Each structure stands twice: as C-alpha cells, then as structure tokens.
Amino acid sequence: MTENQKWMQRDLSVVWHPCTQMKDHETYPLVPIKRGEGVWLYDFDDNKYLDGISSWWVNVFGHANPKINQAVKDQLDQLEHVIMAGFTHEPMIRLSEELVGITRDGLDYCFYADNGSSCIESALKMSMHYWRNVGEPTKNKFVTLTNSYHGETVGAMSVGDAPLYTQSYKSMLFDTFKVTAPDLYEKAEDETEEAYTLKRFAEMEALIHDHHHEIAAVIIEPLVQCAGGMRMHSPLYLTKLRALCDQYNVHIILDEIAVGFGRTGTMFAHEQADMVPDFLCLSKALTGGYLPMSVCMTSKKIYDAFYREYHPESVFLHSHSYTGNALACSAALATLSIFREDDVINNNEQLIQAFAKYTAPLKDHPNVAQVRQTGMITAIEVVKDKATRTPFSWESRIGLKMFDYAMKHGLLIRPLGGIVYFNTPYIVTEEQIKWMVNIATDAIDYALTQV
Ligand SMILES: *Cc1c(COP(=O)(O)O)cnc(C)c1O
C-alpha cells in the first residue's frame, strides 16, 4: 500500500467530504495532499498537481506564500483571537481601513463573518432590517437571478437558483422573485450584446416597477455566475440596475465572494459597471486562500439607520464565534500588501491575454460550444452536440472523467458538468498556462471517448 492509499483509507473511515458522493471514491481515489508550494500541490507519493482552480477559487498568490506565512506567524505570537462584541484589535482595524480605502465611496463600514454563506446571510438580514428600522417593514423580499449561487446555508440557498445545490432542499427555502439572468451564452448570434442585455433588463424593470414596495434588495453575482457554470454578463446590466434601484428605493447586494480581488480583471467586478452597491460581500480570496473570513461592506446611510438609543429590535443581531479572527485579518492584510506592492491588477493583464491566446483554438473543437473569458476566469463549454448546444446529461459524469484524466497528468481542474474552467492563482506563468490548456484539451478528448 502506498502512503497515499494509507491516508485515503484512514480518511474514508472517518471523514464525510463536501459536495461529494462518497461512493465515487470506490472508483476515483481521494487525493491526500501533504504540502503546497506556489501553484503546486504535492501528495504523499510525491506526485504534484498544478492548482488550476485556486483550491475552490480562494488562493491568489500560491500555497505557502512566504509573505502571507510570515504575517500569520507574526500575528500568532501576538494575538490569535478575541471576542468581537465590545472588543477590537489592530489587524481588524487596519484591514477595515484598507478595505474602505480601496473600495468606492459608499462602502464605508465593514461587518465581518467567517465564511461566504454567512456573509450573504448578514447582507440579507441587514437589508431587510434596514427597511424595518426606517419604517418600511413590507420591504422584506429579495430579487435573484436564475442560475445564481450565493452559498449553501438556508438563506443563501433561498436566494440561489442553481438547481444542483438547492433541488433537494427546496421545501426549507423561502420565496424570492426570480428574474432571467442576462447570461450572454443565451444571446442569439445576430443580436448585439447591448440589445440582448437591455432585453433581459426589461424583465427586471417590470418586476421592480410592480413590486418595489415589497422588495428589500436585488442580489447578484456581478459579471460572472461562477458556480452556475462561469456564465458571464455585460457590466451594462449592473449600471442599469443601479439607476433602477435608486429610482425605486431598492438595495443592491453584490456577491463578489468569488469574483472580487482581481478575478474579473479589475480589483472588484462592479468597478467595470461604474456603480456602487449598497452591500458588497467579499470572502474567498480576501485572506489569500489561507483562513476562513468574509466581510460585508456597506454605506454610512445603512449604518446610520441602526445607530440609535438601544432597543433590542433595532440593533443588528448577527454574530459568529470567529468573527474578525486576528489571524485571518493578518493574512488578509498581507494579501492586500502583495496586490499593492506587486502591481498585481496591471500585471495580470499579460496572463489574461495568455489564457485568451492559448484557449482560442478550442473554439473550433467539434464539441466546444463556447470559450468565454472575463479577466482571469476562462471557461470552455463542452457539449454533446455543437449545432444544438445540447449539453451532456449528468449521467455521463463527463466532468469527473475530465478531472480524472487531468489529475493523472498533474493538473487539478474541477469541471462543472461539461464546463471546464481555469481560475488560477495569479503567480501562474505563461508557460504553465500553455501547458494547462494542452492537458485540459487532452482531458476533453479523452472524456469524449468515455461517454
Ligand atoms: C463560494 C461562494 C459563496 C459561499 O461562500 P462559502 O465560504 O463557501 O460559504 C457565495 N457566493 C459565491 C458567489 C461563491 O462563489
């Protein structure tokens, strides 16, 4: 038995893994990771894998990054954690100042939680509670887009729509207004991006016009619906939405948990739409992929609606044990310092072009319906029939087959059904991009022979 096999066996007798049919591990081995360095992950048998998906989109500057390691080690000797109600600490104050500094005016306060889903829960509660506090308690419903994903706690699932994550739990979710996403994959070939986006937006306009008195907020993943298959839309939709929501007194919650911190090419996705949300949810890359933390940023106007003489019904009641964890804040501060010192957003431009260049030939592949890209996120839609864009059924397990092939060749990708995507740490090289695209192409061709 190899070292990998030994650890796998011990794991499988005591651990239940997330989003996993555990029985699949009878066929596809679990991969015990011993250590990470840069873009590479190493298992116990000394195989290495390039982390093409940033370990579920969290890692931006590589594993065991020396700067982030040092920051966390230094903080560890000072203070690991303290209760956040009534107390504060230096890393959280400095991080909040920096976040307010790098975001636009109107994102003035930071409210922390310890994962993305909890951040969504706090934004939903804050929006609805704001309307209560200002005397409009009927504004308590939410508008969401089709195919959206906001996390897997009950509130976050309720405002989500990707059926894979919500179908089995439907009976416990609350109702929302649902609007068709402005997903450019659905755009007709002879339609302009603008005309298509405005057509989709008309549906949002009609809904807000009719129901604004019962709507607290619209919640959206700006520019890319990641878990929904890396489906992309025009920034125009967000610009229009801001004007509409201003007109009808409706909040905008932007879920930038996956797309924040440079993923779309700009530091934050909404910068491309020249708008400011009422709530901005950040997590994942916030700590460079080191420690669980999230932050819901909001305006002074929202904050002020809660700032008054004590009454139990007007105070924002939301807390998590690990809120504002000092180690996580120190990792986040180190991550932000790398963005600044290494001019990361500008330098990523070259990587973005490399992804475009090397994935371009896949557009002619007989089973690829679309290659799409927004910033550092590139997706390849593999389908059963290119002419009709018929996807593979879930029974084909095509994603798993592509994953398995790529892993055997040293690349970690985790396709969403037939959708292969790259979402790498920003320290990847052009040479590695070229190599990854080659392996992924072979993985697609291999999987097509197996379905
Ligand atoms: C990952 C994700 C979440 C949930 O974050 P968790 O930390 O996994 O709870 C919410 N929204 C989006 C867009 C995400 O990608």
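Structure: see above.
The structure presented is a predicted model; accordingly, all values stated were derived computationally and were not measured.

J.: In this structure, what is going on with the pattern of salt bridges? I would like to understand it.
T.: Across all of its chains, the model carries 20 salt bridges by this definition. The closest approach of N and O atoms between glutamate 37 and arginine 35, which form a salt bridge, is 3.1 Å. Among the salt bridges present, the one from arginine 104 reaches aspartate 274, with a minimum N-O distance of 2.9 Å. Within this pair, whereas arginine 104 is found in the loop between helix 4 (90-102) and strand 4 (109-113), its partner aspartate 274 is found in the loop between strand 10 (251-255) and strand 11 (279-282), the two being separated by 170 residues in sequence. According to the relative accessible area criterion, aspartate 274 is exposed, its value standing at 59%. Beyond isolated ion pairs, a larger network of salt bridges with shared partners links Asp183, Glu186, Arg231, Arg372 and Glu381.

J.: Help me out: how do you make sense of the site of the ligand in this one?
T.: Taken together, the residues surrounding the ligand are Trp57, Asn115, Gly116, Ser117, Tyr149, His150, Gly151, Glu221, Asp255, Ile257, Ala258 and Lys284. In this structure, glycine 116 approaches the ligand through a main-chain N or O atom, which is 2.8 Å from an oxygen atom. Here an oxygen atom of the ligand sits 2.6 Å away from a polar atom, N or O, in the side chain of lysine 284. Protein chains bury 83% of the 380 Å² of accessible surface belonging to the ligand in isolation. The class makeup of the residues in the shell around the ligand is four nonpolar, five polar and three charged.

J.: Is there a simple way to think about unusual backbone geometry in this case?
T.: Excluding glycine, a negative phi dihedral is what most residues carry, and trans is how most peptide bonds are arranged. Of note, the phi angle at tryptophan 57 is positive, near 75°, even though the residue is not glycine. Inspection of the secondary structure assignment puts tryptophan 57 in helix 2 (residues 54-57). The exposure class assigned to tryptophan 57 is buried, which follows from its relative accessible area of 5%. Its identity is not glycine, yet alanine 64 carries a phi of approximately 50°, on the positive side. Considering the arrangement of structural elements, one finds alanine 64 in the loop between helix 2 and helix 3 (66-76). We classify alanine 64 as partly exposed; its relative accessible area is 39%.

What counts as what
Residues numbered from 1 in each chain as written. Predicted model: local features only at pLDDT ≥ 70, side-chain atom pairs only at ≥ 80, totals over all residues. Heavy atoms only, no water. Salt bridge = Lys/Arg side-chain N within 4 Å of Asp/Glu carboxyl O. Helix = DSSP H or I, 4+ residues; strand = E, 2+ residues; numbered from the N terminus. Buried < 20%, exposed > 50% of the residue type's maximum accessible area, 1.4 Å probe, protein only. Near = heavy atom within 4 Å. Polar contact = N/O pair within 3.5 Å; in protein donor to acceptor, adjacent residues only side chain to side chain. Areas by Shrake-Rupley, 256 points an atom, 1.4 Å probe, with all protein chains shown as cover. Nonpolar A, V, L, I, M, F, W, Y, C, P; charged D, E, K, R; others polar.

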